[in-house]
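Each chain, letter by letter, is given below.
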Amino acid sequence: MKTAEYKETLDQYYVHVYNRFPIVLEKGNGVYVTDTDGKEYLDFAAGIAVFALGYNDPEYNAALTDQIGRIIHTSNLYYNIPAAEAAKKLVESCGMSKAFFTNSGTEAIEGAIKAARKYAWNKGIKDSEIIAMKDSFHGRSVGALSVTGNEHYQEAFRPLMGGVKFADFNDLESIKACISEKTCAILMETVQGEGGIFPADPAFLKEVRALCDEKDILLILDEIQCGMGRTGDLWAFDGYGVKPDIMTCAKALGCGVPVGAFVLNEKTAASSLAPGDHGTTYGGNPLACAAVSAVFDIFKERDIVGHVKELTPYLEQRLDELAAKHPCVAARRGRGFMQGLALEGKPVGEVIAAARERGLLVISAGNNVLRLVPPLVIEKEDIDQMTEILDLCL
Ligand SMILES: *Cc1c(COP(=O)(O)O)cnc(C)c1O
């Protein structure tokens, strides 16, 4: 088949919910992907913040291939080896207590919501409430959509899950105004991704933590996009000196294998989900967990997080140069390798298309923001190449 035929086939047989870019990606190597016409792209999208290690990493591939040759699924009626290894590494990486593996970020959010509600229920609170943030994104299932602060995504699917109030991100007073006797959790992304790359204000996050402690409300931090080293700390909250009661992760957790997780701290693990409360057929299966386990090993061996921390000032400097030079860049925002250029007077779609023509993949976020979430293994040369191409496109 040729490129046009692949596109036509997918358009004919797949539900039209994505307006896809007009290329068919066939393979990837390092920080480059290649389409079916043989064109190469420097990838600053990384499958939406997924491919932290880049494509086709030999050690990662070997770990998966080895697991495929053993067993890829067991169900959770039995123990399996990779789940034990991956759960231990994940829990120890964030100093929390217990993990549960899911198949996606959305499902991690669902589990976090259920754990928080059960925690409240055990305290005698019925019909508990969750405070979520405006302009947030937590997924597309009915539960996750209900806590996603974006009317546009929600309106056609009402009635959604009840008991959700929306506060302004980075505004403590707005959160306080939402609190009631029934509040079981405050949910937010440590760095808002889809909403347009808005990092939490350090003072705000500390105050929210203190508020949660004072009222025994659970703080749920969604690290699905900003976690796994992206901000230059393994978990974005590490960089804030704040710990959540429940953490969700996915995207780079499996570096391409569909896997997510929610992680509970000791207090929450001790009094929330119990046998029979939650489950999944695929979640935590040996293939997905072999990926997670390998990712944690490789992160440690190669000090991936240290690399992000080291290169962040350079990335920020190059982006700041673009912002200074091009009046259409109103602001640069972000932490680590999760950066956004807020554009004004120039549609982000045009810049994305022009970049693609010139061999660079970038994506958008929120309201006309150019989003850069490259593989965490990019080097200075890749940053230079990205800057050169964006300079021409802006
Ligand atoms: C991507 C994302 C999700 C949803 O994850 P899926 O794997 O697409 O279900 C949830 N929260 C945040 C912050 C995300 O970036």
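These notes cover the structure that comes with them.

What counts, and at which threshold
Residues numbered from 1 in each chain as written. Predicted model: local features only at pLDDT ≥ 70, side-chain atom pairs only at ≥ 80, totals over all residues. Heavy atoms only, no water. Helix = DSSP H or I, 4+ residues; strand = E, 2+ residues; numbered from the N terminus. Polar contact = N/O pair within 3.5 Å; in protein donor to acceptor, adjacent residues only side chain to side chain. Contact = heavy atoms within 4.5 Å. Core = buried A, V, L, I, M, F, W, Y, C linked by side-chain atoms within 4.5 Å. Buried < 20%, exposed > 50% of the residue type's maximum accessible area, 1.4 Å probe, protein only. Expected span 1.5 Å × (residues − 1). Pairing = 2+ DSSP bridges. Axes fitted to C-alpha atoms, helices over the stretch in contact; angles between N-to-C directions.

Okay, the side chain of Gln 339 next. Counting through the fold element by element, Gln 339 comes out in strand β14 (residues 338-343). Within the structure, Gln 339 has its side chain in polar contact with the side chain of Glu 316 (distance 3.2 Å). A polar contact of 2.9 Å, which involves the side chain of Gln 339, links it to the backbone oxygen of Gly 336. When neighbours within four sequence positions are excluded, Gln 339 is seen to be in contact with Ile 197, Leu 315, Glu 316, Leu 319, Arg 332, Arg 333, Gly 334, Leu 370, Arg 371 and Leu 372.

Here we take up the nonpolar core. Residues Met 188, Trp 235, Leu 253, Phe 299 and Leu 390 are the most contacted members of the largest nonpolar core, which totals 95 residues. Beyond its immediate stretch of four places on either side in the chain, Leu 253 contacts Leu 90, Phe 101, Met 228, Val 259, Gly 260, Ala 261, Val 292, Val 295 and Phe 296. Counting 23 residues, the second largest nonpolar core, distinct from the first, contains Ala 116, Ile 130, Phe 262 and Ala 269.

What follows is about helix α11 (residues 286-302). The end-to-end C-alpha distance of α11 is 24 Å, a good match for the 24 Å that 17 residues give at a rise of 1.5 Å each. Across the 17 residues of α11, 12 count as buried, placing the element largely inside the fold. Turning to α11, its buried residues number three or more, namely Pro 286, Ala 288, Cys 289, Ala 290, Ala 291, Val 292, Ser 293, Ala 294, Val 295, Phe 296, Ile 298 and Phe 299. Packed against the buried residues of α11 are α3 (58-68), α4 (81-94), β4 (98-102) and α12 (304-325). Its side-chain oxygen 3.0 Å from the backbone nitrogen of Leu 287, Asn 285 forms the N-cap of α11. Phi turns positive, to about 45 degrees, at Asp 303, one or two residues after α11.

Read from one edge to the other, the open sheet built from seven strands follows the order β4-β12-β11-β10-β7-β5-β6, with strand pairing classed as mixed. Of all the strands in the sheet, just β4 and β6 (164-167) have a single pairing partner and so form its edges. The mean angle between the axes of side-by-side strands here comes to 20 degrees, regardless of whether they run parallel or antiparallel. Of the strand pairs in this sheet, strand β7 (residues 183-189) and strand β10 (residues 218-222) are connected by five bridges, and their pairing is parallel. Across the sheet, residue Glu 189 finds its bridge partner in β10, namely Asp 222. Where α4 meets the sheet, it contacts β4, β11 (246-249) and β12 (260-264), and its direction lies at approximately 125 degrees from that of β4.

For strand β5 (residues 129-133), a buried count of five out of five residues is recorded, marking the element as mostly surrounded by other parts of the structure. Neither face of β5 is exposed, since Glu 129, Ile 131 and Met 133 on one face and Ile 130 and Ala 132 on the opposite face are all buried. Pairing of β5 with β6 involves four bridges; the strand directions are parallel. Paired with Ile 131 across the bridge in β6 is Lys 165.

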